[in-house]
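# Summary of the model geometry
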Amino acid sequence: MRRPRRSASPNGGQMVLNLETLKATLVLYGLNAVFAILLLVLGWYASGIAQRFVSRVLTATHRVDALVTVFLSSLARYAVLAVVGIAVLQLFGIQTASLVAVLGATSLAIGLALQGTLSNLAAGVMLLLFRPFRIGDEVEVAGKAGKVQALSLFMTELITGDNTQILLPNGSVWGSAIINHSTYPGTGEVKVSFPVRAGRPIERIGEQILTQLRQDSRIEPRPAPEVHVSKVVDISDAVHPIVELTVSAKAKPADADAVKQRLMDLVSTMLADASATRPEPSRAAG
């Protein structure tokens with residue numbers, strides 16, 4: 001006598017089918033995740049290569065300003081990263097049309113959240129178009145002073161005399177007064193005034209100052225440095241009144257502060273030496 005056959009359970013077959021589908025889906029998305037990571041790594045290196053390539057090409061022409069070169073090379077880097085980002089999204093099945101629709105629906109929130117960043121980007125474009133300064137210019141902007149080192153999409157980089165880096169958002173740079181000391185070539189005036197007693201000491205101090213200034217390569221030879229009496233301070237001592245001695249010279253604007261500081265140190269040292277060697281006045285015996 002034959003035993004009846006058992007019919008296959010439709011629920012069990014569906015469960016096996018779902019597990020197989022889930023396994024295939026996980027494998028597919030796992031491979032896509034691996035490909036996305038590789039694509040991001042390659043895109044990061046490709047963006048650096050694109051930035052260096054654009055910089056070398058524009059630098060080789062010798063017709064493009066260094067500030068424009070830095071800006072365009074930075075723009076090329078971000079463009080490559082944007083293309084890589086879109087490719088990664090499409091790798092996971094996110095179509096460009098749907099992405100644009102999502103961005104359109106959330107444009108207001110994104111704009112409010114990134115208004116500072118977008119303003120910096122717009123300010124960077126305006127700085128590139130109008131070019132109020134160039135690479136290497138000595139500027140004062142947003143309460144900071146230094147030499148322009150670079151201009152990127154969002155930041156302006158300055159470097160001070162002691163090699164300190166200053167990063168300023170482009171929005172603050174464009175929205176504030178820009179003082180450029182390198183726009184008009186010329187010389188800066190260095191002038192130091194100090195009181196001194198008239199007589200031989202004043203002549204000796206003046207000669208020593210002129211000698212030191214002529215040996216300083218930062219001082220412009222034309223017009224020549226000058227040392228002269230600008231006014232009388234105290235005439236209580238009719239023999240040796242106290243007068244004001246003024247030293248004036250011309251130097252490059254970038255060197256004016258350093259030359260003035262050196263001149264003040266020199267004057268301070270000379271006055272101290274003159275005071276130490278001055279004889280004490282004799283007192284009459286009572």
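Residues numbered from 1 in each chain as written. Predicted model: local features only at pLDDT ≥ 70, side-chain atom pairs only at ≥ 80, totals over all residues. Heavy atoms only, no water.

Let us look at the pairing of strand β1 (residues 138-141). Burial along β1 is one-sided: V139 and V141 are buried, while E138 and E140, pointing the other way, are not. Relative to strand β2 (residues 144-151), β1 runs antiparallel, the two sharing four bridges. Each residue of the ladder has a partner; that of V139, found in β2, is G146. Taken together, β1 and the strand that follows it, β2, pair antiparallel across an intervening segment of two residues, in which A142 is found at a positive phi of about 55°. (Buried < 20%, exposed > 50% of the residue type's maximum accessible area, 1.4 Å probe, protein only. Helix = DSSP H or I, 4+ residues; strand = E, 2+ residues; numbered from the N terminus. Pairing = 2+ DSSP bridges.)

A surface patch of nonpolar side chains, amounting to about 370 Å² of accessible area, comprises L31, V34, F35 and L38. Positionally, F35 belongs in helix α1 (residues 10-61). When its relative accessible area of 45% is taken as the criterion, F35 is described as partly exposed. (Patch = residues over 30% accessible without salt bridge, like charges linked within 9 Å, V, L, I, M, F, W, Y side chains within 5 Å. Areas by Shrake-Rupley, 256 points an atom, 1.4 Å probe, with all protein chains shown as cover. Salt bridge = Lys/Arg side-chain N within 4 Å of Asp/Glu carboxyl O.)

Counting all residues, the mean pLDDT for the protein is 75, and 72% of those residues have values of 70 or more. Per-element mean pLDDT across the protein ranges from 58 in helix α4 (residues 107-113) up to 92 in strand β4 (residues 165-169). For the stretch residues 279-286, pLDDT sits under 50, and the model shows zero contacts to residues farther than four places along the chain or on other chains. (pLDDT = per-residue confidence, 0-100. Contact = heavy atoms within 4.5 Å.)

Before going further, it helps to examine the environment of D257. As for its placement among the helices and strands, D257 is situated in helix α8 (residues 253-277). Between the C-alpha atom of D257 and that of V190, which follows or precedes it by 67 residues, the distance is 7.9 Å.

This paragraph deals with the pattern of salt bridges. By the definition in use, this model includes one salt bridge. Ionic pairing is found between D216 and R262, a salt bridge with its closest N-O pair at 3.7 Å. Remark: R262 occurs in helix α8 and D216 occurs in the loop between α7 (200-215) and β7 (226-234); sequence separation between them is 46 residues. Residue classification places D216 among the buried positions, given a relative accessible area of 10%. Take R262: its relative accessible area is 32%, and that puts it in the partly exposed class.

Right, let's talk about unusual backbone geometry for a bit. Phi at R131 is positive, roughly 45°, even though this residue is not glycine. Relative to the assigned elements, R131 resides in the loop between α5 (115-130) and β1. Residue R131 is classed as partly exposed on the basis of its relative accessible area of 33%.

Further remarks concern the nonpolar core. Counting residues in hydrophobic clusters, the biggest one holds 20 residues, and the most contacted among them are F194, V196, I205, I209, L213 and L263. Put simply, the parts of the chain that give this core at least two residues each are β6 (188-197), α7, β8 (242-251) and α8. When residues of this core are assigned to their parent elements, the largest contribution, six residues, is made by α8. The next biggest cluster of nonpolar side chains, apart from the first, holds 15 residues, and it includes V68, V141, L151 and L158. (Core = buried A, V, L, I, M, F, W, Y, C linked by side-chain atoms within 4.5 Å.)

Strand order in the open sheet made by the five strands is β4-β3-β2-β1-β5, with antiparallel pairing throughout. Only two strands of the sheet have a single partner each, and these edge strands are β4 and β5 (178-180). Geometrically, the sheet is characterised by an average inter-axis angle of 40° between neighbouring strands, direction not taken into account. When β2 meets strand β3 (residues 155-159), the two strands line up antiparallel, connected through four bridges. Opposite K147, over in β3, you have I159 as the bridge partner. (Axes fitted to C-alpha atoms, helices over the stretch in contact; angles between N-to-C directions.)

The next subject is the packing of aromatic side chains. The final tally for this structure, using the stated rule, is two aromatic pairs. Judged by centre distance (6.0 Å) and plane angle (90°), the ring pair of Y78 and F154 falls under edge-to-face. With a gap of 76 residues between them, Y78 in helix α2 (residues 66-91) and F154 in the loop between β2 and β3 connect regions that are remote in the sequence. Using a relative accessible area of 39% as the deciding quantity, one classes Y78 as partly exposed. Take F154: its relative accessible area is 25%, and that puts it in the partly exposed class. Over the ring of W44 we find R77, and its NZ or CZ is 4.6 Å from the ring centre. (Phe/Tyr/Trp six-rings, centres within 6.5 Å; stacked < 30°, edge-to-face > 60°. Lys NZ or Arg CZ within 6 Å of the ring centre and 35° of its normal.)

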